[in-house]
Amino acid sequence: MSEPVIAAKAPAKVDVQAGKTYWWCRCGRSKAQPFCDGSHKGTGFEPMEYKAEEDRQVYFCQCKHTANAPLCDGKHNGL
Ligand code: FES
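Everything numeric in this text was worked out from a predicted model, so none of it was measured. (Residues numbered from 1 in each chain as written. Predicted model: local features only at pLDDT ≥ 70, side-chain atom pairs only at ≥ 80, totals over all residues. Heavy atoms only, no water.)

Caption draft 1: Inspection of empty space enclosed by the protein at higher detail. Tallying each qualifying case throughout the model produces one cavity of 30 Å³ or more. Estimates place the volume of the largest cavity at around 40 Å³. If you go around the largest cavity, you meet 13 residues; those closest to its centre are Cys 61, Gln 62, Cys 63, Cys 72 and His 76. Across the lining of the largest cavity, the residue classes tally to six nonpolar, four polar and three charged. (1 Å grid on protein atoms, 1.4 Å probe; cavity = no way out; pocket = protein on both sides within 12 Å on 5 of 7 lines; lining within 4 Å. Points joined across faces, edges and corners; volume = space filled by probe spheres on them. Nonpolar A, V, L, I, M, F, W, Y, C, P; charged D, E, K, R; others polar.)

Take a look at the structure:
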């Protein structure tokens, strides 16, 4: 598996809805960041499922180096 592409060095703020499932792009190649658009095909990466348990605002990682996937842990600051 190759390294993920850094899609952005800042998280994406998203208002998630309770009960809804989101597919976070892990490879960094999606044009629909922070979510998967199928561009990972052939890279060895697969998207990560995120199920929202409540309506709230979350920050999805876009640098793809977070240790708290799929959410931002601030790692982009050191890249
Ligand atoms: Fe990146 Fe699917 S496009 S995981």
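The rest of the description comes next.
Caption draft 2: Spotlight on unusual backbone geometry. The omega torsion of the bond from Gln 33 to Pro 34 falls at 10°, within 30 degrees of zero and hence cis. Among the structural elements, Pro 34 can be located in the loop between β2 (21–24) and β3 (48–51). Cis peptide bonds are those with omega within 30 degrees of zero, and the linkage from Ala 69 to Pro 70 qualifies with 5°. Turning to its location among the elements, Pro 70 is positioned in the segment after β4 (56–60). (Helix = DSSP H or I, 4+ residues; strand = E, 2+ residues; numbered from the N terminus.)

Caption draft 3: The side chain of Ser 30, seen in detail. For Ser 30, the location among the structural elements is in the loop between β2 and β3. Residue Ser 30 is classed as buried on the basis of its relative accessible area of 7%. Polar side-chain contacts of Ser 30 include one of 2.5 Å to the backbone oxygen of Phe 35. (Buried < 20%, exposed > 50% of the residue type's maximum accessible area, 1.4 Å probe, protein only. Polar contact = N/O pair within 3.5 Å; in protein donor to acceptor, adjacent residues only side chain to side chain.)

So, to be careful, I would describe these as geometric facts and stop short of saying anything about function.
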